[in-house]
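Listed below are the residues making up each chain.
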Amino acid sequence: MKKLKKAVSLTMAGLLAAGLLGGCGGGQQTSASGSAGTDTTAAETKGAGETAATGETTAAAAPEGDVAGKEIKIWISSGAEDDIYREMFREIEGGLGLTVKDEYYSKDELDSKMQVSGIAGDMPDVIVADYLLLPNYVDAEMIAPIDQYLPADIKSDMLPSVVDEATYNGNMYAVAQFDGGLAMWANKSMLDAAGVTDIPTSYKDAWTKEEFEDVLAKLKASGVEYPLYVRQNNPSTMYYTYFPIIKSFGGDYAHRDTLLTEGALNGEGTKNALEYLKWMIDQGYVNATCDYDDAFETRQESAIALLGHWKYTAYAAGIGEDNIVCIPIPDFGGGVYTCSGSTVWAMTTGAVDNDNAAAAWAVMEQVMEPDYIKKVVEVNAAIPSRKSVLDSSPDYQEGGKFYLYREQLEGGISYLRPFTSAHMTIYAQMKSVYGDIFAGADPSASLDSAAEAIDEIIVENGWDVK
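Residues numbered from 1 in each chain as written. Predicted model: local features only at pLDDT ≥ 70, side-chain atom pairs only at ≥ 80, totals over all residues. Heavy atoms only, no water.

Participant: I'm lost on the overall build of the protein in this one. Help?
Facilitator: When you go through the protein residue by residue, the secondary structure sums to 20 helices and 13 strands. Counting every position in the protein, which comprises 466 residues, the buried fraction comes to 61%. Within the protein, contacts between residues at least 6 apart in sequence are counted, and of these 79% link residues at least 24 apart. Accessible area of the protein: about 17200 Å², with a carbon and sulfur share of 48%. (Helix = DSSP H or I, 4+ residues; strand = E, 2+ residues; numbered from the N terminus. Buried < 20%, exposed > 50% of the residue type's maximum accessible area, 1.4 Å probe, protein only. Contact = heavy atoms within 4.5 Å. Areas by Shrake-Rupley, 256 points an atom, 1.4 Å probe, with all protein chains shown as cover.)

Participant: How should the confidence of the model for the protein be read in this particular structure?
Facilitator: Close reading of the predicted structure is inappropriate where its pLDDT is low. Averaged over every residue, the pLDDT of the protein is 87; the share at 70 or more is 85%. pLDDT under 50 marks residues 1-64. Its contacts with residues more than four places away, or in other chains, come to 151 contacts. (pLDDT = per-residue confidence, 0-100.)

Participant: Whenever I open this one, the pairing of strand E12 (residues 343-347) confuses me. Can you help?
Facilitator: Counting buried residues along E12, five of its five residues qualify, which places the element largely inside the surrounding structure. Inspection of the sheet shows strand E3 (residues 126-130) paired to E12 by five bridges, in the antiparallel sense. By the bridge assignment, Val-128 is partnered in E12 with Trp-345. Strand direction decides the pairing type here: strand E6 (residues 174-175) and E12, joined by two bridges, are antiparallel. (Pairing = 2+ DSSP bridges.)

Participant: Looking at this structure, I do not really get the environment of Ser-189. What am I missing?
Facilitator: Secondary-structure assignment places Ser-189 in helix H8 (residues 188-193). Exposure remark for Ser-189: the relative accessible area of 39% places this residue in the partly exposed category. Sequence separation between Ser-189 and Ile-324 is 135 residues, and the spatial gap between their C-alpha atoms is 8.6 Å.

Participant: Mind showing me how you'd approach the sheet that holds strand E9 (residues 228-229) here?
Facilitator: Strand pairing in a sheet is mediated by backbone hydrogen bonds. Such pairs are either parallel or antiparallel. Spatial strand order, E9-E10-E8-E11: four strands in an open sheet with mixed pairing. Strands with a single pairing partner mark the edges of an open sheet, and in this sheet they are E9 and strand E11 (324-327). Strand direction decides the pairing type here: strand E8 (residues 182-187) and strand E10 (residues 304-308), joined by five bridges, are antiparallel. What sits directly across from Met-184, in E10, is Leu-306. Each of E8, E10 and E11 touches helix H18 (residues 403-410); the most contacted strand, E8, lies at about 155 degrees to it. (Axes fitted to C-alpha atoms, helices over the stretch in contact; angles between N-to-C directions.)

Participant: How should the pattern of salt bridges be read in this particular structure?
Facilitator: Working definition: two side chains of opposite charge can pair if their charged atoms are close together. Using the criterion set out here, one finds 20 salt bridges in the structure. The partner of Lys-311 in a salt bridge is Asp-293, and the shortest N-O contact between them spans 3.7 Å. Remark: Asp-293 occurs in the loop between helix H12 (268-282) and E10 and Lys-311 occurs in the loop between E10 and helix H13 (312-319); sequence separation between them is 18 residues. Taking relative accessible area as the criterion, Asp-293 reaches 28% and is therefore assigned partly exposed. In this structure, the salt-bridge partner of Arg-299 is Asp-294, at a minimum N-O distance of 2.8 Å. Each of Glu-87, Glu-91 and Lys-375 takes part in one network of salt bridges that share partners. (Salt bridge = Lys/Arg side-chain N within 4 Å of Asp/Glu carboxyl O.)

Participant: Looking at this model, I keep getting lost on the side chain of Thr-270. Mind explaining?
Facilitator: Structurally, Thr-270 can be placed in helix H12. Setting aside anything within four residues of it in sequence, one finds Thr-270 in contact with Ile-246, Gly-251, Asp-252, Ala-264, Leu-265 and Leu-447.

Right, here's the structure in full:
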C-alpha cells in the first residue's frame, strides 16, 4: 500500500534521527462531560441504551464469517496487565472455540513492528496499544473502523472520553477497557511529619503554586531528601505526566488549530513550565541523578510522586494502603489540569484482508465484558471504561480511594496531548528535552531546537497541517 510504505520510510527516518520511539495519551481538551474534543460524541451517546446500566452486553452486529477454529494474532503493549490478559485470552479461547496467539512488546518495539508489518507480511489481527498511535495507523491504512460492529448498548455505557479517544476522522477505530488517571501520590506520614495539614483530595481544592512550594520547603526541612519524584530516571514518562503542569503555566506541545509546534512548544508558557522543573532541581526538591524507579515507595527519599493510576499497587504495597493519598496536581497560575488517555484495542486491516474480522471482533467484544474490565483495573488501578462498572465500585464513589480520578475526568479538566500523526515525532523530541534538562541543559534552547526539528518533519510529510 502506498500510504503504508510512506509511513514505514518516515518511521525509519525518525528512528535514525531520534534513536527511539514510544508514547501514550491525548488530543483536545475534554468537554465538561469528560470527553475529549467536541461534545458531539457525548451528545450522541447520552441517554442511549439505558439498559447498559446493568453492565450486560448484547450480541454484536459481528461481521460475517466463522469464528470457531480461527487463530487470532494479538500484539500487546506490555504492562502491568500482561498476566491478566493471558488468563483472559485462555478463557476467551474456550468460550469462542478459537486460538489466541498473544505476543507482548514494549511500546517502542510494538510500534516499530507495526510500521513494517505490512511489508513483512506478519501484521497481527488485533493490536493493544496507546491510543495516540491511532492517527498514524489510520493514515497508513493499518487499522479498520469498527462502527458497524460495536453494539449501541456497549458504546452508550462507555465513558465519553473513551469513545472520543477511539474516534478519528469521524469513525471509531477501537475500544478500551479503561481510561487513564493522573495526579500525585503522597506519603501521608511524611506530610504529617513536615507539618503539612492541608492535603487536598479534590481538584477543586488543589494547592496553588505558592502552597505547593511551601509544602516542598517544609518536606525538605523535615529531612525528606528529595521531596518530589517525577520518574526522572525515565524521562519519556514526563511527556505525559508533566503536561498538566505545562498547561497550567499556559503552554502546550502544539497549536491546536494547525498542530504545528513553533510558538507553542517553545512558547512562553511551555518554557516557563520547564524552567520551573529546572528550578525544582536546583532547589534540591528533585533528584536529577536518580537512576532507579523506587525512590518513593521503597527508598522513601521522596514524599510525593508525580505519576498515575498504574503505580497504585506498587505504592500501596511499599508504604501502606492507609498511608498513601491521591492529591490533585497544583494550580500553577492557569488552572488545575490532569491528563488522560489509555490503551486501546483495534482491529487491523490485516484481519479484514485475511477474513479474520469476525474472530477479531469476537475477541474485542469479549474483553469489554464488565468482569474482564474489573479484573484489569484491579491490577492497574485505572478508571473503568464503562459507566456501569464505575457505578458498581465503592472506590469510585465520593470518598473512595480513586474518586479523584473519576471526579477529574467527569469534571472536564483533562487536557490531552495533540492527537496527530506526528505524535511519535513530538514524543521522541520531548523525551530528549526532558532528559537534557535533567543533565543540566537550558530548557529554552532545548525547546527551540525541538520545535524546529518537529515542524520540519511535519511539514515535510504533510501531517495535519491545516
